[in-house]
Structures are given as structure tokens and as C-alpha cells.
Amino acid sequence: MNKKKATRFLAMTVILSMLLSGCGAGGKASDSSEPIKIGVLGALSGGSAILGKQQQQGVDLAVKEINAAGGILGRQIELSYRDDEADPTKCKTAAEELVDKIGVDFIVGPTNSTPASATIPYLQENKIINVMCIASSDSIIDAQKFPYAFRIMLPNGLQAQALVMNAKERGYQKIALVGDNSALGVDGTAAMEKWCNEYGIVPIANISYKAEDADMTPVAQSLKDAGADCALFWTLGADGAKIVKAIERLGYTDSMDIYGYTGMVMPNFRELAGPGASRCSSLSIREWSVEPGGALNGRYLDLYNKIISEYGEYGVGKRDTNPSTVASGYDSVMLLKWAIEKAGSTDSDAVKAVIEKSGAEYVPFFGSSYKFSAEDHDGYLASDAVPVAIGEMMNGDLYIRS
Amino acid sequence: MQRLIFGLANGSIYSLMALAIGMIYSTTGITNFAHASVIMLGAMTGYWCIALFGLPYLLSLLIAIAVTVASNIIIYKLCVEQLGDLSKQVGWIVTTFGASIILDNVARMVFGTEPQSFPYLFAGKAINILGANIMLHEVMMILIAIFIGTIYETMMQKTRFGRAIRAVSFRPDTARLMGIKSETVILSCFAMAGAVASVAGVLIAPITFASYTMTSSIGIKGFAAALIGGLGNSKGAFIGGLTLGVIEAVVGTFVPAGFKDAISFLIMIIVIIFLPGGILSAKFFKKGASSAEKI
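What counts and what doesn't
- Residues numbered from 1 in each chain as written.
- Chains lettered and ligands numbered in written order.
- Predicted model: local features only at pLDDT ≥ 70, side-chain atom pairs only at ≥ 80, totals over all residues.
- Domains from an automatic or database assignment.
- Contact = placed C-beta atoms within 7 Å.
- Helix = DSSP H or I, 4+ residues; strand = E, 2+ residues; numbered from the N terminus.
- Nonpolar A, V, L, I, M, F, W, Y, C, P; charged D, E, K, R; others polar.
- pLDDT = per-residue confidence, 0-100.
- Pairing = 2+ DSSP bridges.
- Axes fitted to C-alpha atoms, helices over the stretch in contact; angles between N-to-C directions.
- Core = buried A, V, L, I, M, F, W, Y, C linked by C-beta atoms within 7 Å.
- Buried ≥ 20, exposed ≤ 12 C-beta atoms within 10 Å, placed from the backbone.
- Right-handed = clockwise from strand over helix to strand, strands pointing away.
- Expected span 1.5 Å × (residues − 1).
- Parallel < 35°, antiparallel > 145°, perpendicular 65-115°, else oblique.
- Left-handed = near helix turned anticlockwise from the far one by under 90°.

As a further point, take the domain arrangement of chain A. All names here are of chain A. When its domains are assigned, chain A resolves into domain 1 (36–156 + 321–382) and domain 2 (158–292 + 386–401). Across the contact, 19 residues belong to domain 1 and 22 residues belong to domain 2. Contributing elements (two or more residues each) for the side of domain 1 that touches domain 2: α4 (113–125) and α11 (323–343). The residue makeup of the side of domain 1 that touches domain 2, split by class, is eight nonpolar, 10 polar and one charged.

Right, here's the structure in full:
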């Protein structure tokens, strides 16, 4: 009889334990003394390390401010950084660690599109909202496939449209497309080709090169041989600068203008590219560029001053980060803060609903306003991007509109 | 013409890399996998001296050389000498790779992540040769590599120290018995390799830009050049380096970017399969030379 009772008691205990653990499934701990855990994924080493550093500076600055002011809903933010080295496998592994071991509530990043592609499906399965502020591939944002992924950076498709539209409006006759042979470069070039078709433009050349190659002379030679008067670059800054230098060596600088997507933008592009940088333009978020002779204003200027105060002036041996990209990292956290406070909880579905339905009410520190909806998790329109001259910078790190 | 000069210039850097790799291989039988990182360290040190402290180019180069000589000595002391008899184990693969990773990460923390512009020799001035715009810097790359190679070969053939290196390379135990301090010779080779690394670094940095990842794409080509020419063979280092540089320049003109490196390394594999000792191991080049002459 005792044995029967013991067995019954044990069975009840097991059943009760299972029921109690099941109560926690599908939701986040709402204990108000627990910190809100934010994971940050990005390249902190390797060729894309500058991107991760910029994101990190922005996130750190925002979290420092928020925690000093009492946190979100009375809860401090706890950050966990993971360096994915811009590698998809490492990014996925890091994301798994952040979600399964650390138990993060939200994620900022990744910084690069290829690791993001590998990681976002896993984050969706676990209902983790991630806000991307740098990765720009079109395929990583899809409100239906990836309902918990949001972005506050100009996506590739919009940038490609803006670049082609700008080239057409300026009347160039021989437009060449240049991109590296990575997934990023291939996607970007394909997007530009698509918009060339839309606008009735036949590219005079479509040139591919190996990323981080030391010798960009073949690229420059191909542009010169094609007689291009305009080249649309889908290149990262260092590679773009090498190509511009190679073009200068061939004596073709004055015959062609270059427009590149935001990945080409880096504060010391002019030093790297040399005099040819004066013929280069890129795209920037309107609010983080200035008119010639103008200045930032309002909350953007305030944030810029905070960045300088926290990380120093821009220069050799000093801060080497782009303030607009730092601002995008900052805004990722501030957007989450606003959405969590409006939702009154860290529940992913509640926060998601707030961003989708009321995102336009949020006052950003990066753009002017975000146009999120249930159908669109990209915050921007093509008109939010303006061409900026890479060759000239105000204070060495602010883009001047061209 | 322009592509040929660029190929020769790049090939000169591969030659210097192969020479330094060969210096260490010939006396120890190991390949220093940290060599590319040491080149980067030399370039970054030179950049800091020039850009931050405003030092003259030559003084900056001398400081960079001092730093890379010291780092190579440290690598030898910590990663190689501690392992004992290198012929009996392969721990040096892990230790030198580890040293490379440590150097890269330290450089990232100290120097930052962003590529920096490194000044060309002669302020980037170019001259016109047969219609091609040739930079004086590229011409100097070729000349400096030839100069270093000539000095090294002269030292090896004409000086007592050179004979000591050859003796240690050929028969280390016998050399020791004959009173040659093998450890001193090996340490000197590591130091010389470090010095050559700095020269290679400051010459290639204007082209690749100075950053802690600057040798990620060219680093392995130094090893390829050493293998093509014959590992441990100083003449082979130059043959291998220049051959690789010219092949790259020619291939890059005709094939899509993604295939350029593939074709270069395919050629390397073919050479290794048919001439495992490198190009200079071919019968045509041997002509009665003894094994001791290989370096």
C-alpha cells in the first residue's frame, strides 16, 4: 500500500513539474527585477570589423543612457556581444548561444547580410525580435517569412534604385556596373541591373572582381576600355578606394563619375582613394548628411555631440567610426526601448505589434521617421537616401550632399 | 606593359616573403605560419611611425624592422625552441598558427580595424614607359627585392656566417659537432626573416592599404611562391615569387576575377606534383650542384 502511495506521489510530482515548466514556454520572464537581455551580433574582427565596431559604439551609448535613466520599465539592460567575424556559421552558432544559453530577449544585428541570412530563420523559430541597422540585403527582411526581423538601414533594392535613378537623371550615357563576386556584390549588381532594365538603361559593362584583392587594375582597365562616363559601384570602402586609385593610375579619373552604395562609405575614403575621391559619391540618410556650408541640427546634432564626447573626435589614432552608422546602432536600441515601453512588456508579439502598427510615432535618431507595417519591416523609402560626395567631409566624418 | 610591371612588383613581394620563409625552413625544417602576420606588424608599425609620430620614412622603416626582428625572435623562443627536436613532432604548426592569430588580434586592438593609407615611395610619382603609367614605387619594389636577394646570396656564398647557415641547413648535428652554434644561427635566421618581413610590409602596404587584415589575401601566396621555387632555396624564392606575380597579372587580364587565384594555385599544384622540389629542382637547373648548394 505504501509503495502504491509513493508511486502515486511521485507521478503527481512529475506531472506538476511538467505543468509548471510548461507555463514558461512561449513567453519571456516578466520578473521586473530581471534585466532585459539584449544580444548583439556583428563582425568585431576581420575585414568587416569596422561595421561591428560602429554598431557596438551606438548600442553601448544607448544602453549607457537608458540604464543611467533607470532602464526600460524599471529594468536594466544587460548586453551580450558575440563576434561573428562576418561568418554565417559562426553567426548562427553565436545566435544559438545567445538565445539558448544566455536567454536574450532581443537581438541587434547581425552587421553583415550573409550571416544574417543564416541566422534569421533560427531567430524566427524562437520568436526573437532582431533589429538590423547595417546589413542591407533585400532577402533578409520579409514580414511574412521573418515576422520578427526589422531593419533601419537603406536596403539594397532601394539603394540600387536610388543609384540608377540618380545616374539617369544626371544624363550619363555609358553606365557601367561594378561589384565583387561575394553574395553581397552579386546581389547588389543584380539589383542595379534590374533597375537599369526598369529605367530603360543598358549597362555598358558589368564588371566583377574578387573582394580584398590587392590588384584592381583589371577593373579600372575594363572601365576605361568600355569608355564608361559613370560607374555604379557595389563595393566596400577599401576595395572601392583601390579601384579609384587604379583608375587614377590609368589616367581615367576625369572621364568618369562614380556612385557607390552605402557600403562604400568610410570616413577615410579620401585618404585611401586619393585625388580620384573627388569624383565619387555615395548615398546617405538625409538626416546624417549636411548641405554644403550647413550643419546637423536638432536631435541628430545632439547625438553627434554625444558620440564625440563618448568616443572622441574623428582622426588618425582617434575615433575611426562613421557617426551615422554609430547612430544607427544607437537607434536600434532606442527603437526597442520605445516599443517595449509602449507594449508594456518584453513579449515579442506585443513588441512586434507596436512596431508594425505605431512605428511612425517613434521619433528616430537615425532617420526622420520609420514606415513599418505588418507587410513591410524595412523602415525607409528611396526618397530618404540622398547622394553625398565621399571626397569631402565636414569635420572629417560627416557627409556633404552633392 | 603596366600589368607586367605590376605583376613583377607583386611578385617581388612574394619573393621576399618566400625568401624569409626559406631562411627559417632551411635551418629548422619548419614553415613559420606567423610570417604573414609579422609582415602586417611591420607595415602597421611603419604606418604609426609615419602617420602618428611624423617620423621620416627611413627611420620609420628601421623602427618597424626592430619591432619585427624582436617579434620573430620571440616567436622562435616561445613557439619553436621550446618544442625541442623539430624533426620528431609537428607542434610548431599549432604554435606558429597560434602566434599568427595572437599577432592579428593584438594588431587589431592596438591599431584599430580601419584600413589606412600608407605613403608610396617618391610620393606616388609615375613615369611613362612604352605608353604605360608605371609608378616609381613599383620599380623600387622590384629593385629592392633584387638588392635584398643579392645581398643575401652574397652573404650565403662569401661570408663565414653564410657558410655556417649552409652547414646548419645541410647537416645540423655535424655543424654542431664542428663548433658551429646552431641555435645562434637559427635565431639569426629568424631575425633576418623578421627584417625582410618589415621591408615587404612597407612596400606592399600602399597597394593593399595598411590594416591588420592586409596580408590575408597575399600571405598564402608567399608560401605558394616558396613551394613553386623550392622551399629553402633562396634563388628559387625569387623565381617562384616573380613567376607567381607574372602569372597572376597575365591570368587576371583574361579570366573573371573569381578564377584568378584558382588558376594561380592550380599552376602551383601542377608544379609541386611534377617538381616536388620546386622549379629549380628540375634537371635543367641542377647541372651537378650538390645538396649543400641548394640554399
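Further notes follow.
Our next topic: the confidence of the model for chain A. All names here are of chain A. In the predicted model, chain A carries a mean pLDDT of 89, and the fraction of residues at 70 or more is 91%. Within chain A, the element-level pLDDT minimum falls on helix α1 (residues 2–23), averaging 58, and the maximum on strand β3 (residues 106–108), averaging 98. Segment residues 20–30 is flagged for pLDDT under 50; beyond a separation of four residues in sequence, or across chains, it makes six contacts in the model.

Let us look at the sheet that holds β3(A). Residue and element names in this part refer to chain A. One open sheet holds the five strands; their spatial order is β2-β1-β3-β4-β5, and the pairing between them is parallel. The open sheet has two edge strands, β2 (77–83) and β5 (149–151), and neither has a second partner. Ignoring strand direction, the axes of neighbouring strands in this sheet form an average angle of 20°. Of the strand pairs in this sheet, strand β1 (residues 36–42) and β3 are connected by three bridges, and their pairing is parallel. Paired with I38 across the two strands is F106, which belongs to β3. Here α4 sits on the sheet in contact with β1, β3, β4 (129–132) and β5, set at roughly 155° to β4.

We now examine the nonpolar core. By size, the foremost hydrophobic cluster in this structure holds 217 residues, and its most contacted members are L232(A) and V196(B). Of all the elements, helix α8 (residues 182–208) of chain B adds the most residues to this core, at 16 residues. Residues contacting L232(A), with those up to four places away along its chain left out, are L163(A), V164(A), A167(A), I175(A), L177(A), M192(A) and Y259(A).

Here we come to helix α7 (residues 217–226) of chain A. The complete set of buried residues in α7(A) reads T217(A), P218(A), V219(A), A220(A), Q221(A) and L223(A). Backbone geometry just downstream of α7(A) places G227(A) in the positive-phi region, at approximately 70°.

Let us look at the pairing of strand β9 (residues 257–260) of chain A. Residues and elements named next belong to chain A. Pairing analysis gives four bridges linking strand β8 (residues 230–234) to β9, with the strands arranged parallel. Within β9, the residue paired with C230 across the bridge is D257. With helix α8 (residues 237–249) bridging β8 and its parallel neighbour β9, the resulting β-α-β unit is right-handed. Examined bridge by bridge, β9 and strand β10 (residues 280–285) share two bridges and lie parallel to one another. Following the sheet pairing, Y259 is matched in β10 by S281.

Moving on to the interface of chain A and chain B. The interface of chain A with chain B comprises 27 residues on the first partner and 30 residues on the second. Of all the secondary-structure elements, those providing two or more residues to the side of chain A that touches chain B are α2 (49–68), β7 (205–209), α7, α8 and α9 (269–273) of chain A. Split into classes, the residues belonging to the side of chain A that touches chain B amount to 10 nonpolar, nine polar and eight charged.

Next up on the list: α8(A). Residues spaced three or four apart along an α-helix point in a common direction, a consequence of the helix completing one turn every 3.6 residues. All names here are of chain A. Along its 13 residues, α8 runs 18 Å from first to last C-alpha, staying within 8% of the 18 Å computed at 1.5 Å per residue. Extensive coverage of α8 is indicated by the burial of 13 of its 13 residues. G251 lies just past α8 and shows a positive phi near 70°.

So, on to the confidence of the model for chain B. Residue and element names in this part refer to chain B. Here chain B averages 84 in pLDDT, and 94% of its residues register 70 or above. Confidence scores differ between elements of chain B, with helix α12 (residues 283–286) showing the lowest mean pLDDT of 56 and helix α3 (residues 57–80) the highest of 94. Counting interchain partners and residues more than four positions distant, the pLDDT-below-50 stretch residues 287–295 has 12 contacts. With a pTM of 0.74, the predicted complex shows an ipTM of 0.77.

Residue and element names in this part refer to chain A. In this structure, V244 sits in helix α8. Taking the C-alpha atoms as reference points, V244 and L272, 28 residues apart in sequence, are found 9.1 Å from one another. With residues near it in sequence (within four places) discarded, V244 still touches I258, A273, G276, A277 and C280.

So, about the packing of helix α10 (residues 298–311) of chain A against α11(A). Residues and elements named next belong to chain A. Close contact between α10 and α11 brings their axes to 10 Å; oriented N to C, the two are set at 100°. In terms of axis orientation, α10 runs roughly perpendicular to α11. Of the residues in α11, those in contact with L303, Y304 and I307 of α10 are P323, V326, A327 and Y330. Within the contact of α10 with α11, the residues separate by chemical class into seven nonpolar, no polar and no charged.

The subject of this paragraph is the packing of helix α2 (residues 35–52) of chain B against helix α4 (residues 91–111) of chain B. All names here are of chain B. One way to put it is that α2 packs onto α4 with a least axis distance of 9 Å and a crossing angle of 20°. In terms of orientation, α2 and α4 fall into the roughly parallel class. Here α2 runs over α4; the crossing is left-handed. Contacts between α2 and α4 pair A36, S37, V38, M40, L41, M44 and W48 from the former with S100, L103, D104, A107 and F111 from the latter. Of the residues that constitute the contact of α2 with α4, the class distribution is nine nonpolar, two polar and one charged.

A separate point is the pairing of strand β2 (residues 132–135) of chain B. Successive side chains on a regular strand alternate, one facing one side of the sheet and the next facing the other. As paired strands, strand β1 (residues 126–129) of chain B and β2(B) are joined by four bridges and run antiparallel to one another. By the bridge assignment for β2(B), N128(B) is matched with N133(B).

Turning our eyes to something else, we now look at unusual backbone geometry. All names here are of chain A. The residue after G109, namely P110, is reached through a cis peptide bond having omega 0°. Tracing the chain through its elements places P110 in the loop between β3 and α4. Despite not being glycine, E212 has its phi angle at roughly 65°, a positive value. Of note, E212 is situated in the loop between β7 and α7. Overall, E212 belongs to the buried group, with 21 C-beta atoms counted inside 10 Å. One non-glycine residue, N395, lies in positive phi territory at about 60°. Structurally, N395 is set in the loop between β12 (385–394) and β13 (398–401). Judged by local crowding, N395 falls into the partly exposed class, with 15 C-beta atoms found within 10 Å.

Residues and elements named next belong to chain A. Relative to the helices and strands, T119 resides in helix α4. Residue classification places T119 among the buried positions, given that 29 C-beta atoms sit within 10 Å. With 30 residues separating them along the chain, T119 and A149 place their C-alpha atoms 11 Å apart. Dropping the residues within four chain positions of it, T119 is found in contact with L41, C91, K92, A95 and P110.

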